[in-house]
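Now for the letters of each chain:
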Amino acid sequence: MSSVFETVNSEAESLPRSGSPSSTYDSAFNIGTPATPSSTLFSEDLRSLLQNVSNDEIILVTGGLGFIGSHTTLELLKAGYHVIVIDNLSNAYESVSERVYLLANQYHEEKGTLMPALKYYNHDYQDIDALISLLKGYQTPSWGTSKSRIAGVIHFASYKAVEESIKEPLKYYSNNVCGLVSFVRILEDFGIKTFIFSSSATVYGTLPSSGVPLREELCVHKPETFEVNEGVWKTSQPGSIGITNPYGRTKWMCEAILADIAASDPEWTIVALRYFNPIGCDSSGLLGEDPRSIPTNLLPVIVKVMTGQYTELSMFGSDWDTADGTAVRDFIHVTDLAQGHIAALDSAIKGRLRENFRTFNLGTGNGHSVLEVIKTMQTASQMDLPHKAADRRAGDVGYCVAAADRSLDELQWSARKTLADACADICNFLKISGLTN
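Residues numbered from 1 in each chain as written. Predicted model: local features only at pLDDT ≥ 70, side-chain atom pairs only at ≥ 80, totals over all residues. Heavy atoms only, no water.

Comments concerning helix H7 (residues 169-189)
Helix length check: H7, at 21 residues, gives a terminal C-alpha distance of 30 Å against a target of 30 Å (1.5 Å per residue), a fit within 8%. At Gly179, H7 shows its largest bend, some 30°. Burial in H7 covers these residues: Tyr172, Asn175, Asn176, Val177, Gly179, Leu180, Phe183, Val184, Ile186 and Leu187. Tucked into the core, H7 has its buried residues touching strand S2 (58-62), helix H5 (128-136), strand S7 (150-155), helix H6 (162-167), strand S8 (194-200) and helix H8 (246-264). Looking one or two residues past H7, Gly191 carries a phi angle of roughly 75°, positive in sign. (Helix = DSSP H or I, 4+ residues; strand = E, 2+ residues; numbered from the N terminus. Expected span 1.5 Å × (residues − 1). Bend = angle between axes of the 7 residues up to and from the residue. Buried < 20%, exposed > 50% of the residue type's maximum accessible area, 1.4 Å probe, protein only. Contact = heavy atoms within 4.5 Å.)

Some thoughts on the packing of helix H3 (residues 67-78) against helix H10 (residues 334-349)
The geometry of H3 relative to H10 is characterised by a closest axis approach of 8 Å and an angle of 60° between their N-to-C directions. The angle between H3 and H10 falls in the class oblique. Relative to H10, the crossing made by H3 is right-handed. Judged by residue contacts, Phe67, Ile68, His71, Thr72, Glu75 and Leu76 of H3 engage Val334, Thr335, Leu337, Ala338, Gln339, His341, Ile342 and Leu345 from H10. (Axes fitted to C-alpha atoms, helices over the stretch in contact; angles between N-to-C directions. Parallel < 35°, antiparallel > 145°, perpendicular 65-115°, else oblique. Left-handed = near helix turned anticlockwise from the far one by under 90°.)

A closer look at the pattern of salt bridges
Scanning the entire structure with this criterion turns up 18 salt bridges. Between Arg406 and Glu217 there is a salt bridge, with the nearest N and O atoms lying 3.4 Å from each other. Of this pair, Arg406 sits in helix H12 (residues 405-411) while Glu217 sits in the loop between S8 and strand S9 (224-229), placing them 189 residues apart in sequence. On the basis of relative accessibility, which here comes to 11%, the residue Glu217 falls in the buried class. Glu410 is paired through a salt bridge with Arg354; the nearest N and O atoms lie 3.4 Å apart. In this pair, Glu410 is assigned in helix H12 and Arg354 in the loop between H10 and strand S16 (357-362), connecting sequence segments 56 residues apart. Classification of Glu410 as buried rests on a relative accessible area of 11%. Salt bridges sharing common partners tie together Arg215, Glu217, Lys222, Glu224, Arg354, Glu355, Arg358, Arg406 and Glu410. (Salt bridge = Lys/Arg side-chain N within 4 Å of Asp/Glu carboxyl O.)

Keep in mind these numbers describe shape, not what the thing actually does.
Laid out in structure tokens, this is it:
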């Protein structure tokens with residue numbers, strides 16, 4: 001059984017297709033691998049290969065070459081799923097697909113297991129013609145009807161910058177909300193009704209300011225009764241409370257749309273995963289966070305300081321109601337986050353969810369302040385990181401930490417890696433990339 005990695009480029013796609021972060025990174029990646037163009041690499045016919053693999057479940061991943069998407073694609077391949085990636089490279093690089101393939105292949109060689117197939121399509125998930133053409137290629141006859149061989153979808157293809165969403169709300173509503181509606185409608189036409197949605201802790205709005213961990217029942221899409229304390233019950237009503245930016249509103253709207261779809265059709269199984277603050281990178285150092293756009297999250301900005309691209313770090317708000325005055329966040333290692341998607345997907349496919357629409361927090365349940373993160377990274381890197389206080393940003397909150405009980409109880413998933421692990425892995429990524437000594 002041979003494995004397959006194949007790239008398919010949409011004729012309509014005009015975005016650049018290259019841009020590896022550094023030559024050192026490429027040389028590390030290409031050890032023992034000829035510099036063959038990805039369009040001809042492992043060019044065997046995908047479908048014939050899939051028929052020979054014991055686990056024949058195919059997962060479609062939109063935005064699968066981005067930071068979280070690429071790590072999830074890697075974990076899917078490790079778990080034995082075949083993966084189809086759609087990515088328009090608006091915030092990623094095509095070379096990421098090769099790194100994901102290499103790491104997954106190494107994993108299966110070490111385990112002595114079969115390497116699943118990976119196929120990448122270079123187009124926007126909103127390109128209806130390209131999407132329909134793709135999905136038709138994975139239909140098989142079944143008693144006079146067509147059935148898709150795609151078992152489920154993980155959807156990452158959203159814009160995600162809070163500040164940008166405030167400046168360009170229509171861009172966010174168009175891609176994140178309108179795009180989702182069209183996308184799900186087409187999936188339904190092809191009978192693909194297992195859907196994992198990339199949501200966000202921003203759906204909790206101003207609730208984080210309460211200073212207590214956020215539980216899923218605080219933001220619901222139908223009335224939900226839960227136990228607050230022993231013998232004390234509360235009922236949450238559907239709606240949102242004080243969402244502070246258009247990005248957060250798009251995530252809440254998408255959740256509401258998906259909840260309504262699930263309520264209307266029991267054949268759908270939908271999970272909305274509410275991320276807290278993903279950080280870190282794969283421990284190999286070959287896969288990390290390298291966005292095309294200007295970073296706005298804390299750790300990518302710290303990396304810019306470490307590599308000399310920024311002279312100092314601005315801490316937005318030093319007067320929050322926290323122990324040291326800087327904002328507190330629940331930072332989750334991206335590998336833990338990716339494995340949370342595998343747990344959710346597995347539960348959805350095997351019918352273990354309590355309802356056919358279910359939300360889960362993906363966080364650690366612990367908070368760290370901006371100053372704590374800076375100090376931890378300084379320890380890991382043995383570098384001084386200049387930083388200064390700055391005004392609060394529009395749309396920010398001072399405290400945001402997950403309650404992680406539901407994910408543990410229902411998905412049997414919990415975060416394992418620490419803030420120190422994440423910082424060490426970032427340092428390893430930068431060293432292998434040749435960006436630091």
